[in-house]
Structures are given as structure tokens and as C-alpha cells.
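So you can see what is in the structure, the chains are spelled out below.
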Amino acid sequence: MRLGGAVTAATPTPRNLFHWFHDQIYNYNLFIPEDDTYIDNDDELIDPPTILKHQKYATWLYVLLLVVSLYILFFIAMVKPQSRTIVVSKITPSIFKELYLQHAETLSCPCSIITMSYKSFISNAITFHPVCSSFFVSQQWIKALYLTDASTYGASDFRTTASSQFQLLASLCSISQDATLQNQIDLDNNEFVSIYLLSEDKIRSEVDATIKLSRNSISTQINSFLSYIKITTRANYLISALNTNAVVGVVGDGVNYVINRFQTFADNETADASGMNTITTCGSTNLIKSAGFYTLPNNKPDIPKYFFTLIDYNAIVTIDGFFAGCTPFEGLLPSTLNCLYDIKCLMLLFDYFPILNQMHSNWTDSVLSSKQENISLNNYLLDLFIEEWSTEMNYSIYFDRCACSFCTYTTTDQTNVLYAMALLISLYGGLIIVFRLIAPFLINIAWKLKHCSKNITVNSEYNATHIRKFAQKTKQLNLFKDHGDRTEAVIMQQKIITRVYLILLTGSLLVLLLFTSLSTQTTSITISNPSLIVYKDLQMLYSNTLNCPCSTMAIPYRTFIKLSPIFHQVCSSDIISESLIAIMTSISTQVISIDWLNQAGSQFQLLSDLCQMANKTIDNAINNFIIQFFVTSNVLNENEFDTQLNVTLNQFIQSTNIYFSLVVNTIRLLMQVDQPYMGVKGSVQMIDTNLIIDTIINETNGQQPIKLKFSLTGTRDINTTSVNCICATNSHCQSPIAIYNVDMKSDESYNFNIAYVVPGFIQGCFAIDSLLLSTLECFYSNSDCLSIIKSHIKSAYIQTTVYPSSFDIRPLIYNPKLNRFTPNTSIEMIVKDMMIEKWNTSISYKSYYEFCAPNYCTYSFTIRAKNTIGVMITLLSMIGGLTVSLRLITPQLVKFVFRLFKLKIKRQHQSNTHSSVHVNWFHQLRTMIQQLARFLYITAINLNIFPLRSFGSRIDRISAKHLGQWATRLYIILLIIGVGILTVYSVIQPETMMKTFNKPSFSLYNDLQRNYGNNLECPCSLIASTYDNYVTIQSRLHQICSSTFISNEWRNNLTMNLISNLSIYDLKDYRRFLSAHLQYLTGLCELVNKSVNTSIHQLLSSLFITTKLQTEIVFHTRINSLIEQSKSNAPKIFSRLFDLVRSINHGNRIVSTYGTNFDYIAPFNEIDDYFAYTYDMIYDNNCSCTLYQNCTSQANFIKINSSEMFLIKGLKIGCTPSESFHASTLECFYDSLCINSIEQYMNSINSSSSLSTSTISRFSINTTINELIDKLFIEEWIISINYSLYFQKCLPLFCSYTYIQQFNLLYAIAFVLGIQSGLTIILKWICPQIVRILAKIYHYRKRRVNTVQPFRTIEITTIEPMNTIIHNRTFHLESTSTNVISQYVFFILI
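Residues numbered from 1 in each chain as written. Predicted model: local features only at pLDDT ≥ 70, side-chain atom pairs only at ≥ 80, totals over all residues. Heavy atoms only, no water.

Digging into the overall build of the chain
If you tally the helices and strands in the chain, you get 37 helices and 41 strands. Scored against the burial criterion, the 1390 residues of the chain give a buried share of 46%. The contacts in the chain between residues at least 6 apart in sequence include a share of 77% that link residues at least 24 apart. For the chain, the computed accessible surface area is about 71500 Å², with 57% contributed by carbon and sulfur atoms. (Helix = DSSP H or I, 4+ residues; strand = E, 2+ residues; numbered from the N terminus. Buried < 20%, exposed > 50% of the residue type's maximum accessible area, 1.4 Å probe, protein only. Contact = heavy atoms within 4.5 Å. Areas by Shrake-Rupley, 256 points an atom, 1.4 Å probe, with all protein chains shown as cover.)

Following this line, the structure appears as C-alpha cells:
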């Protein structure tokens, strides 16, 4: 720099920059007094250098406090990890896929519609094995294979079983296809529950799993039916009319005859050392041999068994892929049907089935065209003949049906700059106010402490002096000084304003302090990812308000339930071991068929089969159950969880037991009604007491073919062995059973006596009855029975076996603490409970909680709204706004009061002087407006809201005042523009408003629903509940099921006068069948009632899932739809079971002892051995019982020794009592004359009323029983749906509706006020800087264009301490051009 000449710029160096920076910091002053600040006479005088020094110290302290505070806050905000929940709207499949790939763990996309039918997005295409649609299952093919003398060819000959096996194949195909297609329909109608939007892979896996389960379920159901049918057929040794498992032989001399029954058996080439396996009979196991065409053996009088053995025939040709067994069904199961793929094999049949030659068919086209896989029919049945089940899924339809409107996912930011900046901005305003107050105060305190004399004694007088000084200073305090007007009146007014200001400020702060510190509020606390321990602690403390939403609402039962049922110990005992069953099968007493030793083997085998069937049934039921979902929106506490699970498990157990009982009872009913012909296990040859001789004279050649007919029998007396109860008329026949000692007399007759009556064992009508009526008490350790029967078994075993092996039967152990079945519990009761001793259920609440996995828990409680820190933060955040508002409002308020006071005084003065002046109100109003405008103009021109510090410490007051005025104008203009734009935006912007009603009552909800319709939404607090909470269903059966006609008492009274041996009556006399039909009617009503109740129970125990409260119309629609589906499905299982039993029995050609489907005829022969063959019965329209099971004729009463007949309206007789009753109607039961005629012919004293024709019924009088069975006898379903109970179960915590509001004044005001504070801070910082920059630009351009340099020569004065001369020079420089700058700034603003 050069004095007296031009100022030259020094070369910038690091040292110069450091000095410059040091000077800037050293001279920085934020506490320069405002323009209107002056020193009162009462103020304590301090010299200017000291004041300047204090201001700088305060500035440094202020900056230090502010920087440190901001740094600490910023550091805390940056270091603290922040979890953010991101909401993404307008979800498309591509967006969801991207979100799922990136945020699969935390992604949550709630569906608007959580249930949809499978058929809406799934399509199934099912292909069955080609044989099920081939010519080989047609009735034409079956008829072509039908031979009237089929029973004459032998058990292994294909001519014997061909027609029956293809008929069975057709039935199995039909039932499998019907069951599969019905299962597909049920699956399509089932609801797929999707609370959240799922990925395509997950949807596909769930759909595939559901379809697989559904297929396995229906397959297991049908195959379990078939297994039980096989079990009962073998256990009861039901005899086939085809002579495949037993043959009837007649031995006689033309006058006296003995009828023997022979078991079909085969010699074993490999027998063990015990000699037990030298032969195998159909009474002990199923015999299998390749089917073919065999030559009949030469008749040898001494070896009659060659006729029915399965291994000593000479095969002409075998049929590839077909087998013969003890029954046609047993032979069909291992068959592979290979012959149907080979035209050459098919052509072999033409030589043996003549009708095939009469058929004009293209056999080449009939051959199965699919790939021959050499798979047995039994394996095809496991999958119900399904070759392919293809599933097509349309994910886009599922996506659209889900209607997901938004997705959320959580991300954790370790460094969140936005959060840190937001925190700093929110606290910056309060911090600068507090620190600007604290910094000068602390500096003044420090200065006083430094200069205070250390020897001053602090006493009461000293304290009083300071108090007086404080009071004096408070009295003279003036916070609203005006440098331009210092009159005494103005100063007094300013002091009053100050006092009012301080009173309002203090009062406001005290009110806020009291309000914030004393107010209470219900606080909701959120705990993120709570552990189970934390949840249990919260549950104990805040059970009433705790709410923990599950992240996974639908949880499979398998994740937290384990079912390990413990079966009755008999199912793992020696009693049903293969070795003991083999021993019991090998020993027999030829003379007495009712000997316990003859029956024990079959009963043990049946018990073993029941254990296995129960095990399979339970496994299937458990597998179906555990893949179902337990749906909860919130975590259930452990007590609620256990209660709900126990109810669900009890319902599951009950339904499983009912289903198992239905299978057992259905087959028992059909056996009781049809009375099938049964063999006796044990000896290969046994005298048959069921058949009697009926001789037919053949007038052509004088020969006497022997016709046999059945004599209906029952249980026998253990002493006389004579029949003591006829099973056909009494289904409850039973008798004790014993072990006998048999001695042969000299005349080769037998003498027998009871050796031991076996306790607990009962003789019933059938093997299944005998078993179920018995108990296991004999096999328990506390009984002597076991040792006794073991001795008898050992004795018989030694007598019948060459090399007997040792065996043992370990006793059953009864422990009252472990066993719920006592030793004397009937096996029927054990079977009713599916042989289960204990279900052994394990429920893991911990696993449930882990899968529920609540992301957070919230609980609420009432506390103080603010703690000490909260109160301080609240006051800190509001003190800035209060001071600004009160500094603006208080002066105007006080001045307004002064004006009112002056006006009042003026009016009093005018009234006292009685001046009468005409007031021109218009002129006065104009004057007031002009004055107001002038006042506003002057105020706007002189208004300056920016203090001196806003423009730095190196500017004089006058220049700072002018710059502050321009900055104020710029601030006001920008603020008005900003607020105006925001106001317009908030006004024109439509707003989506939500109105919420907490815990609405049912009546309030109905009112809201009427007013707002579909816009109303009420989220359910409980999203899943069982239907029985609000739906009741009852069924009204056909009136026949509640009439006296199904009572045992009425039936017994009606039939009590019949001859006990019903075979006395003519074969076409209805008296033979009436009791069977009535028993069947009673049994059907009982089974139907149980089946219907089971269906209702299953429906009502299933879950109705809704995340939102359904409207009453939608609710009723969904419920009614589901009920209609259940109503249509209810008869399916029942009908399917009946169809299977009827089809298998008919295919096996099971003979009825009523003699209604097959006749035994022994042809005349010159030798003494006559082997009876069977011939089918023919009914109306030449209907054969071999080809059709439903052949019938009209039922009639036939008078004894007379041809007179009485036709019975609506009732039929046919191949079996059950089939003929299916074709019958109930017409007679509506006709009192018909009923009276029945009672008359039955010699009954009953007097019964007919069914009412006036009762409303959907069935006509001539509806067949078969049609009634198909409809489960149901007249109507009585359904009650209670919407209010559903509302209570849904229990919405709130209801809300949304609407669009185009203009909301309150919202606009709140929005503008909220934004205004941010605008104010920004503009207050920006506007002074803009004005300073414009001023500097103006000066820079001024110096560039001005050639005159008035300040080149500067007089250097003495530099005082604190560099005051420098400030004065700078002020002078800037103040000289203030007016020009003002004009320049004004020009730019315009």
C-alpha cells in the first residue's frame, strides 16, 4: 500500500491469508447493538472498548457453543442406525418381482382381496388310463364274456372270472373318475387364502402341494375303503358263486345226502419244517395264479380236490397280464392288463367266448394304444387311474385378484444424512436463541467475578443492595427502544410495552410449562422384533393393550403341532403277530365249526387288519390336517393359543373317528341286510349246515339234478350247538364261545363237550360282529384265561403239525394311569376310537411364536405427556416463535389500548364541552383510510426486521439500516409470493380425507354402512373364525326317518309271528325280505344322520377368513355359496362308499343266503361225489344277477299252499335285499290300506299310521330309495346366519371411510403455517446475503466505470486499540453510497 497515492493490492500469500482469516475471526461480532438501541441515563456506564470486547467474547462463546452442540447432535444422528419403512405404491408384476428379489425378507404386500377360488387362476387337465375309456369297460364287452356255466371251469380258468373282472374294472374306473372329477370341482371351488401377495414360485409350490394333498386324500380314502372291503370279505370268508374260494360238494346215495363245503387251496412245493405250510387255503390267504384256459382234471373218486385246486391244472394257454385269485377282485388287483395291448392275445379269446365271434368290431382299433408299462392294477388304483394331471396357473390373474395397492419393506441406514439434517434444522432455531441469551450473560458474569473485590463480606445489606439494583434495572428495562423518538412519553410507553411483553412471555412460558408438565397422554410404545421372553414379560404387564401383529398370518399346523398317536397295546402285541395267526389258522376242529380255535385265527387277522387300517386312516388324516393353516392376525397369548388349538384338535379327532366308524358301520349294515354266504376257516373240508337239499325231477331222462337251497341260520348255543338266534331277523344275535373236546365214537360219530368257555369272547352273526362284541380281558396279565387258552392252542397245534415250533403269547398289561381302556372294554369301543390309546399331541407355543414372527409389539399406557427433558425441548422449540410473535403483537396491543384510552378521554372532553359538530362519516372514513394507508406505507418503508449483525461487523448503522430495509422488502415480497403459491397449491390440490370411528358399535356400523356403502372399511381384529360362531345348520330328513317304521319295536312286533326259518316261505314271498328291508331302512336313516352331522360339523369347524368386515350382503353370499357347495358334497362320501361295497360284492359274485341271486345245483352223476355249480337268478326283463346287481321284480305276499298273491305297492324283491330296496319306493308307507295289508299278512297286531301326504316334501311319493340315498334323505337344510355375531367375532377396532375434498380451509391454513416457518428461516438467511451481494456488485461496477477516485489519498489516523479506526473507515466508505445502492437494489427488485 502506498500513502497519498493509489492503493495497490498486496500479493496474496499464505501468510497474508492467515492474517486476513485471523482478522476476520478476531473482529467477528454478532452482538453489535441494534440501530434503535441507546444508553439510558439509568443504564450502567461502560466504556465502548469494554463493550466491544464483551461482544467479541460473547460471539466466540456463542459460536463455540453452537458448533459443539451442532456437532454432537449431528454425530449422534449420523452414528445412530435408522430403520426406515419404505412404501411403494402402484404395484405392477415387474415392480413386485424387482422388490421381491431385493427385499424378500422384509417385503410385505397386503392383498385387498385375501380369498379367491382356485378356479379363478388355476386350470387342471386330467388324463386317465386309456382302459377307462376303452371298449373293454363297456357293457357290451362284459356281456360278451358272460357264460352261464362260468362256475364249472375251475378257479384259475379265465372263463370263470373274465366277465366279473371286467365288470369290476369298469366299476373301479367309473368310481375313480367320478371321485377325481368331483375332487377337481371341490378343489376349484375351494378358496385360496393369500393375505399377502406371493411370488409366482411360491404360489406354484403351494398350489402343487394342495393338489398333491387333494389327490392323495381322495386316493387314500378310496383305497382305504377297498382295503376294508377286502378285510371283511376275507375275515368273514364271503363265498363267491364262481367257486373260486370254496366249492360245495354233495355226497349221498340217492336218499341221504351230506353237503360239504371245501376251501379252495393249493399245495405248497416249499413247506417249512413245521409242516404248517404244506397247503394254503383261501380261508387263510389270497391265492394267486396266472389266468388262462385249462383242461379239466380227470375225475378221480379218491382225489376230489383236483377240481378246486389252483395248481394242478394243465394250461392250454395263459392270458398275459391277468390273474386268478380267491375272488375275482383279488385276482384283478395284481393284473397288468397286458393282453389288452396285444391283438394276438385278444384273438385267443374268440375260441372260448362264442359271443365275441358275433360282434362285428374292428378289434385292432380296440387294442390299448398307450405305452405298455407292466404296472399292476393295484398300483393304478393308488393314483385312481390318473395318467397325467397337468396344472396351468395364470399368475397375472392371481396378481389382479389380490389387488395389492402398495408394498412396504424395511431398510436400515447406518448413515442417514437427511435425518441428521432434519434434526439440526428442527433444533437450530431454538439453539441460537438460547445461546444468544446465554453467551452475553456468561461473559458479563465472568467479567463481574473477575473485577469483584475478594475482601467484600457478603451480608444481608449487600444482598439487599443487589436486590434493589435488580428491581431498579427491571423497572427501567426497555426492550423496545427507538433511537429516532426519545421523548419521555414514548420511553414510558416502551417500558410499559416491555413489561407487558415480559408478563405475556413469562405467563405463556408458565402456561406451557404447566400444560406440558402436568398433561397426561396415552402413550403407545413400540418394541421392534420382540423375543418370546420379551413378549411374555409384556403380556404380564400390559395384557389389556398389548398388540403384536404377526408377520406371517397363515401358519401351517405342522410347524407347531406334532401328533404321535399311541395305539392300543393290542396293535403291537403277540396276539396279532403273523406267527400266531399262522398257528391259529393251521389248527382246526373239523366237527364243530363254532369252536373258538376255528374262529380265533380269522378274528386275530381281522384285528390286525383293523389296526393297520386305523393306522393308515390316521396317518392320512394327520397329513391332511397339519398342512392346513392356523390363521391369526396378532400373536395369541399362550392360554388363548392352547384353548383354540384344543378345540380344533378335538374337532379333528371327532371327525376322524366319525369317518372311520362310518366305513365300519356301512359294511356291517350291508352284510346284515344281505346275509352273505360265509365259509368256515379251519379244516379244508367242513359239513355245511346252511344248505339243504331240494330235488328237481328231470322228466326227460329220469335223472335227478340236485338243487340246494339255503336255510337262514345264526348264532348257536354253546351246549347244544343248535341255532338259538336267526341273524336275518335279529341283528343283535350273540352267544358265548367255547373250546370243545371232541371224541370219535365207535359208529364214527362224534361226542363233544365244552372244555373251556373263553371269557370275553362272543359269537356273533359275522366275524366282524364276533370281534367287535368281544373284549380282550382274556389276554391281560391279571387273568388266568391266557394260560388256559395257550394250553389248548399248544395241544391243537401239536396234533395238526408235524414239526411244531415253540411260541409264546405275552400278556397285555393294564395300567390305570396310562391306559384309558379297561380290560373289559369291548373291542367295538376301541375300534370306535380308532384303536388309539392316546393321541399324544405336542403343541409348541415357541414354534408358533417364531413362525408368527411379529416385527413389533405395541402397548399403551397413561403417563405424563412430557418428562423434564421433553418439557425443556418443548419450551426451547417454542420460545423462538413466542418471542417473535410477542415482539410483533405486544407493541401494537399496547398502542391500541393507549389509543382507546385517548379516544375515551377525548369523547369525555367533547361531552363536557357540549360541542355539537356535524360528523361527516364518509369523510371521516376516507380520512382514516388515508391515514391507515400512509401509516402502512411509512411502516413498510421504514420496516427493518434484520439486525446489524445480519450484514457483518464492518458496516455503519445507517448503511446497515438501509440494507436491512431493502432486505426486509425483499423478504416480504418473497414470503408473500411463496406463501401465495403454497396457498393456491393447497387450495386447488384435492385432498383425500379419512374419517375414523374407533370401536364402532353394531348399530353405528349399520348407520355408516348405509351412508357410505363400499367406501367404508373396518379391519377385523380377528381375521379368522369358525363358522359355528355365527352360523347354525340343521337338517330335516325325510319323515320316514322319524316315523315308527324305523323303530326296532315296530319291526319286532311286525315280524314276531313269522316262522323263524324264513326259507319256508316261497322265494318270491315278501315275508322273506320284509325284516331285511326294515332293518336296512333303519340303518340307512342312522348312517345318513351321522353322515349329515359329520358334514355339518366339518363345515362349521372350518375357518371363515376376512381381513376386513364384510358387508351383510357379501357375507351372506359367501356363506350361502359355501353351504351350497357343502350340501352338494355331503352325499358324495356316503354314496361313494355304498357304490364301492355294492360293486365289489357284485363283482365277486357274493352269494346271498336268501337264495335270491344264485342257485347251487349239483348235476346228476353215477359216482357218489356231486360238485354243485351256480347259476344266476333271472328277474323282470330277463335281467341276470350276474350281469346286473339291480335286477328286481314286484314284491308280493303269497299265501301258503296257494298261488294267490297280494301286490305290495312300491316295494321290490331282487338279487339281494339291499339292491331290491334301492329300487323300491315308499308308496306303501303313505297308504294306510297297504300298511294294514302288510300287518294282516304278517299276523301282526300293530296298528300304525301312514306317512302324511300333507307334509311339505321335495320328494314325491314314488321317489326310489336310491334317489333318497343320493340326497341323504334330506328334505331341507335349516340355516341360520347371524351377521351381528360375525361382527362381534370380527371385532373391528375402528371403521374409516375416505373422500376427496377439493377445498379444506383448515387444511390450507395448517399447511401454510407449517410451511411458513421453514420459508421464514430460509428467507431470513438468504435475503440479507442477496442484498449484500447486490451492494458489492454495484460498488464493484461503480469503481470500474468511475474515473474519479475520491478516496485514493487517505489520511492515516492513529490506530486505537480494538481497531476502531478501521471500522470507522469502512462505515464511511459504505455509507457514502447508500442512496445509490438503494436505487440499484430497487431497480433489480422491480
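Section: the nonpolar core
Grouped together as the largest cluster of nonpolar side chains are 271 residues, with contacts concentrated most on Trp 596, Phe 779 and Tyr 848. If we skip the residues at most four places from it in the chain, Trp 596 touches Met 584, Phe 604, Ile 737, Ala 738, Ile 739, Val 758, Phe 761, Phe 779, Ile 789 and Ile 793. Ala 241, Ile 259, Val 1151 and Ala 1162 belong to the second largest nonpolar core, which has 21 residues in total. (Core = buried A, V, L, I, M, F, W, Y, C linked by side-chain atoms within 4.5 Å.)

Quick notes on the packing of helix α19 (residues 638-674) against helix α29 (residues 1074-1100)
Any two packed helices are characterised by the angle at which their axes cross and by the distance between the axes. In contact at an axis separation of 10 Å, α19 and α29 are set at 165° when each is read in the N-to-C sense. As the angle between them shows, α19 and α29 are arranged roughly antiparallel. α29 is crossed by α19, and the crossing has left-handed handedness. Across the interface between the two elements, Gln 651, Gln 654, Ser 655, Ile 658, Leu 662, Asn 665, Thr 666, Leu 669, Leu 670, Gln 672 and Val 673 from α19 touch Ala 1076, Gln 1079, Tyr 1080, Gly 1083, Leu 1084, Leu 1087, Lys 1090, Thr 1094, His 1097 and Gln 1098 from α29. Here the contact of α19 with α29 is composed, by residue class, of nine nonpolar, 11 polar and one charged. (Axes fitted to C-alpha atoms, helices over the stretch in contact; angles between N-to-C directions. Parallel < 35°, antiparallel > 145°, perpendicular 65-115°, else oblique. Left-handed = near helix turned anticlockwise from the far one by under 90°. Nonpolar A, V, L, I, M, F, W, Y, C, P; charged D, E, K, R; others polar.)

Regarding the packing of aromatic side chains
If you walk through the whole model with that rule in mind, you get 70 aromatic pairs. Ring centres 5.7 Å apart and planes at 70° place the aromatic pair Phe 1104 and Tyr 1286 in the edge-to-face group. Remark: Tyr 1286 occurs in helix α34 (residues 1283-1290) and Phe 1104 occurs in strand β32 (residues 1103-1105); sequence separation between them is 182 residues. By the ring-pair criterion, three or more aromatic residues cluster together here, those being Phe 135, Phe 136, Trp 141, Phe 158, Phe 166, Phe 293, Phe 322, Phe 350, Tyr 352, Phe 353 and Trp 363. If you follow Arg 969 out to its NZ or CZ, it ends over the ring of Trp 966, 4.4 Å from the centre. (Phe/Tyr/Trp six-rings, centres within 6.5 Å; stacked < 30°, edge-to-face > 60°. Lys NZ or Arg CZ within 6 Å of the ring centre and 35° of its normal.)

Focus on the environment of Leu 1272
Topologically, Leu 1272 is positioned in the loop between α33 (1265-1270) and β40 (1274-1281). When the C-alpha positions of Leu 1272 and Leu 1087 are compared, they lie 9.2 Å apart, and in sequence the two are 185 residues distant. Beyond its immediate chain neighbours, meaning those up to four positions away, Leu 1272 contacts Leu 1037, Val 1088, Ser 1091, Val 1092, Ala 1130, Pro 1131 and Phe 1134.

Some words on the state of the cysteines
Covalently bonding the sulfur atom of one cysteine to the sulfur atom of another cysteine gives a disulfide. The final tally for this structure, using the stated rule, is 17 disulfides. The partner cysteine of Cys 111 in its disulfide is Cys 402, sulfur to sulfur 1.9 Å. The sign of the S-S torsion, about -95°, decides the handedness of the disulfide formed by Cys 111 and Cys 402: left-handed. Here Cys 402 lies in helix α12 (residues 395-402) and Cys 111 lies in the loop between α3 (93-103) and β2 (115-117), a separation of 291 residues in the sequence. Here Cys 111 matches Cys 402 in class, with each residue buried. (Disulfide = S-S within 2.5 Å.)

A few points about a nonpolar patch on the surface
A grouping of Leu 504, Leu 888, Ile 889, Leu 893, Phe 896, Val 897 and Leu 900 is seen on the molecular surface, where their side chains present a nonpolar patch of about 630 Å² in accessible area. When residues of the nonpolar patch are assigned to their parent elements, the largest contribution, six residues, is made by helix α24 (residues 868-913). Note that Ile 889 resides in helix α24. (Patch = residues over 30% accessible without salt bridge, like charges linked within 9 Å, V, L, I, M, F, W, Y side chains within 5 Å. Salt bridge = Lys/Arg side-chain N within 4 Å of Asp/Glu carboxyl O.)

A short note on the pattern of salt bridges
Enumeration according to the criterion identifies 20 salt bridges in this entry. For Glu 191, the salt bridge identified is with Arg 1118, shortest N-O distance 3.0 Å. Here Glu 191, found in strand β4 (residues 191-193), pairs with Arg 1118, found in helix α30 (residues 1112-1147); they are 927 residues apart in sequence, far enough to count as distant. Residue classification places Arg 1118 among the buried positions, given a relative accessible area of 19%.

Some remarks on the environment of Asn 124
Positionally, Asn 124 belongs in strand β3 (residues 122-128). Remark: the alpha-carbon pair of Asn 124 and Glu 392, spanning 268 residues in sequence, is separated by 6.4 Å. In contact with Asn 124, other than residues within four places in its own chain, are Gln 184, Leu 187, Asp 188, Ile 211, Trp 389, Ser 390 and Thr 391. Polar contacts involving the side chain of Asn 124 include one to the side chain of Thr 391, which spans 3.0 Å. (Polar contact = N/O pair within 3.5 Å; in protein donor to acceptor, adjacent residues only side chain to side chain.)

Focus: helix α15 (residues 488-518)
End to end, α15 covers 44 Å across 31 residues, agreeing with the expected 45 Å (1.5 Å per residue, within 8%). Within the sequence span of α15, burial applies to Val 490, Ile 491, Gln 493, Gln 494, Lys 495, Ile 497, Thr 498, Tyr 501, Leu 505, Leu 512 and Thr 516. (Expected span 1.5 Å × (residues − 1).)

As for the pairing of strand β33 (residues 1158-1162)
Most of β33 sits out of view: four of its five residues are buried. Sheet topology note: the β33/strand β35 (residues 1173-1176) ladder contains four bridges and is antiparallel. Its bridge partner lying in β35, Tyr 1160 is registered against Thr 1174. (Pairing = 2+ DSSP bridges.)

Remarks on the side chain of Thr 264
Within the secondary structure layout, Thr 264 lies in the loop between β6 (257-263) and β7 (265-267). Engagement of the side chain of Thr 264 in a polar contact is seen with the backbone oxygen of Thr 244, the distance being 3.2 Å. A polar contact of 3.2 Å, which involves the side chain of Thr 264, links it to the backbone nitrogen of Ala 246.

A short note on the confidence of the model for the chain
Looking at the chain as a whole, its pLDDT mean stands at 80, while 82% of the residues score no less than 70. The low-confidence segment residues 270-276 (pLDDT under 50) makes 15 contacts with residues lying over four places distant or belonging to another chain. Every residue in residues 299-308 is under pLDDT 50, and counting partners more than four places away or in other chains gives 20 contacts. (pLDDT = per-residue confidence, 0-100.)

Description of helix α16 (residues 532-541)
Those residues of α16 that sit buried are Leu 532, Tyr 535, Leu 538 and Gln 539. Looking down the long axis of α16, one finds its buried residues gathered within 120° of arc, a one-sided arrangement. Among the exposed residues of α16, those oriented more than 90 degrees off its buried face are Ile 533, Met 540 and Leu 541. (Arc of directions from axis to C-beta.)

Focus on unusual backbone geometry
Non-glycine residue Leu 337 carries a positive phi angle of around 60°. Along the chain, Leu 337 turns up in the loop between α7 (328-332) and α8 (343-348). Residue classification places Leu 337 among the buried residues on the basis of a relative accessible area of 1%. With a phi angle near 60°, Met 834 is a residue other than glycine that sits in the positive phi range. When you line up the elements, Met 834 lands in the loop between α22 (827-832) and β25 (836-838). What makes Met 834 buried here is its relative accessible area of 0%.

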